[in-house]
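Letter by letter, the chains look like this.
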Amino acid sequence: MAQLKAGTRLKSAVCTTEVMVIAAPKDDVSITCGGAPLLAMADAKPEGGAVAADANGGTLLGKRYVNASGDLELLCTKAGQGALAANGAALGLKEAKPLPSSD
Amino acid sequence: MNLMMLLEMAASGFGDRVAVTNGAVSLTYQQLFDAAGSAARVIRASGAERMAVLDVSSLAVPVGLFASSWAGRPFVPLNYRLTADEVEKLLERIAPSYVVTESGRVASLAHVASTSVVTREAFLDAATSGTAGEPDWSADADDIAILLFTSGTTGAPKAAVLRQKHLVSYIFGSVEFGAAGEDEATLVSVPPYHIAGMAAIASSVYSGRRIVQLPTFSAESWLETARREKVTHAFVVPTMLARIVDLLGDAASAELPSLEALAYGGGKMPQSVIEKALRLFPGADFTNAYGLTETSSTIAILGPEDHRAAIASDDPAVRRRLISVGRPLPSVEVQIRDENGAVLGPNQRGEVYVSGEQVSGEYLGRGSSVGSDGFFPTRDGGSMDDAGYLFLEGRIDDIIVRGGENMSPGEIEDVLLEHEAIADCAVVGVPSEQWGEAVAAVVVTKPGQKASIEDLQAWVKKHLRSSRTPERIEFWESLPYNETGKLLRRQVRAQLAGG
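Residues numbered from 1 in each chain as written. Chains lettered and ligands numbered in written order. Predicted model: local features only at pLDDT ≥ 70, side-chain atom pairs only at ≥ 80, totals over all residues. Heavy atoms only, no water.

Engineer: I'd like to hear about the interface of chain B and chain A, residue by residue, with values.
Structural biologist: The interface is formed by 31 residues belonging to chain B together with 18 residues belonging to chain A. Buried area between chain B and chain A, summed over both chains or domains, comes out near 1900 Å², and the portion from carbon and sulfur atoms is 63%. For the interface between chain B and chain A, the tally reads one salt bridge. Where chain B meets chain A, there are seven residue pairs in polar contact (both at pLDDT 80 or more). For the side of chain B that touches chain A, the elements supplying multiple residues, two or more each, are helix 1 (3–14), helix 7 (164–174), helix 8 (195–207), strand 11 (233–236), strand 13 (285–292) and strand 14 (297–302) of chain B. (Contact = heavy atoms within 4.5 Å. Buried area = accessible area lost by both parts, 1.4 Å probe. Salt bridge = Lys/Arg side-chain N within 4 Å of Asp/Glu carboxyl O. Polar contact = N/O pair within 3.5 Å; in protein donor to acceptor, adjacent residues only side chain to side chain. Helix = DSSP H or I, 4+ residues; strand = E, 2+ residues; numbered from the N terminus.)

Encoded structure:
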C-alpha cells in the first residue's frame, strides 16, 4: 500500500506493462499488474515471475485505466500481458472522449 | 515525464506511419525517434547546455525538439525574422548552445562565443545517419523542455519556461493516444517560435496525425500545400485566415474537400473573416482555441458543436457564444477575479485566472507568477457566462482609464468595425490632462470608402456610453501587426504620441 502521485511511472513485476499515474486517490492504494504489485521504474524485476491466470487480460498501449470511483487513472505507456487492478478490483478501460484538435 | 515518452509510444504503437512531411521528404515515427536519439548524442557531445533552432518550419524543428528532450537540454526556437544583432543578443543569453540554422546564416553567427553553429542540412545528416542508442533521457518532470522568447516590443525579450511536466500534462489532458486515422494530416503553418508551433508537434505525434510543414506562410502556399497533401486538419492565426479568405475572394469554395477541421486562435478573429471561412470551407468543423505561451498552449476551446449550437440558436445569449473562446479544457480550471483577487460570479468582468498541470507562468530568472493557490493571472480581461463560456476583452494592460472609468478597447473596436466604411481599427488610451487618459482610435477604411471623424464619433455614441466616444480619430493606411497577427498596440500608442 502506498500513496500514489500523478506523474509517477511504475512497471509490472511479471510482464512488460508500464504505466504513468494520471490521477491518484488521496488514500493509499495497492496496484497490481498480472496479480503482482507494481514496481518503481528503478527496481529490479524478480526472476521467474509469471502473470497470474486470473489477471491475464493484458494492457494496451496508450489506453487509460480507471477504478470504479474514477479517482485513479493510469496511462499505459508500454503494453503487456497482465491486467491492472487496484486493491484487488480490476481496473476498467476509460472511454476516450477526444477533444477537437486545437493546435 | 519527458516529451520523449510521447514519441517513444508513437514509435512503438505505429512506427511505420509517416510522422512529418516537408516538401518531398518525410520521416516515420520510428525514423523521428531514431533521429532524436542520434542527434541527442551530438548535442551532448558539443558541450552545449541549450539547443536553439533559428529556422523556418523544417524537419530540424521536430528532430531538434525531441533530441533536446532526449539530451536533457532546453530547446530554444528562435525567431528567424529577428535582425542579426537581436539574434546575437539572445544567443549570448543561452550560451553555451548548439544552434541549427539556414546555411546562409552560419557565417554571420560563427563569432558568437560558446556557440556551435551548424546548418540544418548538416544537423539532419548527422541525425538520420546514426542510430538511436539506448533510451537514456531523464524522467525528471522539472527539467526545462522549451524556452520561448517573447517578442519583447519594449525592453529585452523574456524567456518563458516550459518544463517537461507542463507540456506532457497538456498532451495527456487534451489528446488521446493514436486517435488520428491513418489518412489524417495537419498543416502546421505557425512558426516554430510560436507556442502553437511547438504544441502542434507534440499533439500530432501523440495522436498519430501526420504533420505537414509549411516553411513560411503565404495564402497561396497554404492552399497549394493543403490541396497537394490532402490535409484534414489545420490551425491558423487570424491574419492567416484573413489572407486566405481574401485570396479566395468570391470563389464558391476553397476547393479543399479533404479539410475536416480548421482550428483558429492566437488573437481576436474578426467576425467577417470567420463568416467567409464558414462559406469557403463548408466541409470543415471549426474550433476556436484560447491559450497562452505560459499555459503550454490551449486552455479553452469553442468546438464544432458549440459553433453549430450558437449559429442555430434564437437565444441571443447562446448566439453570442460564437464570439467566445468556449469552455476550459477538463484538465484546467478558470476563474474570473477582480483587482483584489476576489472570485467573481457569472457575467461579471475581471481578469482571467487559470490553474492546471500545464500552467507554467514562469519566466527565466524571474520565477513563476502562479500563486500559492495554483492560479496564474493571465493579464487577459474577460467574463464567463452561466454555462461557463469564456469571453475575452483584451489585455488588462490595454484597458483605458478615463476619468476613473475603466473601458476595454475591444468593446469600442467591435462597434467601429461594424461601421460599413471601416476595414480595421485600433483603440488605445492617450495621455489627457483632463481625464488622465483619453480614448483615441486609429482606423483603416475599406478601399473606395470614406468616413468622417464626426460620422464615426456619432456612430460610437449611438451604440455605447458617451464616455467611450473617441476624442481623437486618425485614418491610417494599415495597422502594425507582428507576423503572427498580434496588433502592436504599443506601436500605435507611440505613433500617436509622436504625431
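After that view of the structure, there is still more to cover.
Engineer: How would you summarise the side chain of arginine 9 of chain A if you had to cite specific residues and measurements?
Structural biologist: All names here are of chain A. Along the chain, arginine 9 turns up in strand 1 (residues 9–11). On the basis of relative accessibility, which here comes to 16%, the residue arginine 9 falls in the buried class. Among the polar contacts listed, one links the side chain of arginine 9 to the side chain of glutamate 18, at a separation of 3.1 Å. (Buried < 20%, exposed > 50% of the residue type's maximum accessible area, 1.4 Å probe, protein only.)

Engineer: Give me the pairing of strand 12 (residues 261–265) of chain B: which residues, what numbers.
Structural biologist: All names here are of chain B. Most of strand 12 is tucked away, with five of its five residues classed as buried. Of the two faces of strand 12, the one carrying Ala261, Ala263 and Gly265 and the one carrying Leu262 and Tyr264 are both buried. Summarising the sheet, strand 11 and strand 12 pair through four bridges and their orientation is parallel. Among the inter-strand pairings, histidine 233 is bridged to a residue of strand 12, identified as alanine 261. Since strand 11 and strand 12 lie parallel, the crossover through helix 10 (residues 238–248) that links them has a hand, and here it is right-handed. The sheet contact formed by strand 12 and strand 13 spans five bridges and is parallel. In the sheet register, tyrosine 264 faces strand 13, and the bridge partner there is asparagine 288. Viewed along the sheet, the connection from strand 12 through helix 11 (residues 271–280) into strand 13 turns out right-handed. (Pairing = 2+ DSSP bridges. Right-handed = clockwise from strand over helix to strand, strands pointing away.)

Engineer: Let's hear about the domain arrangement of chain B: which residues, and what values?
Structural biologist: Reports often express the size of an interface as the amount of accessible area lost when the parts come together. All names here are of chain B. Each domain of chain B was delimited in the assignment, giving domain 1 (3–216), domain 2 (289–397) and domain 3 (399–498). The partner domain 2 presents 15 residues to the 19 residues of domain 1 that form the contact. Where domain 1 abuts domain 2, roughly 1500 Å² becomes buried across the two surfaces, and 65% of that area is made up of carbon and sulfur atoms. A per-residue breakdown of the area domain 1 buries against domain 2 is headed by Lys158, His166 and Tyr170, which together make up 34% of the total. For the interface between domain 1 and domain 2, the tally reads one salt bridge. The partner of arginine 163 in a salt bridge is glutamate 362, and the shortest N-O contact between them spans 2.9 Å. Applying the counting rule to domain 1 against domain 2 returns six residue pairs in polar contact (both at pLDDT 80 or more). (Domains from an automatic or database assignment.)

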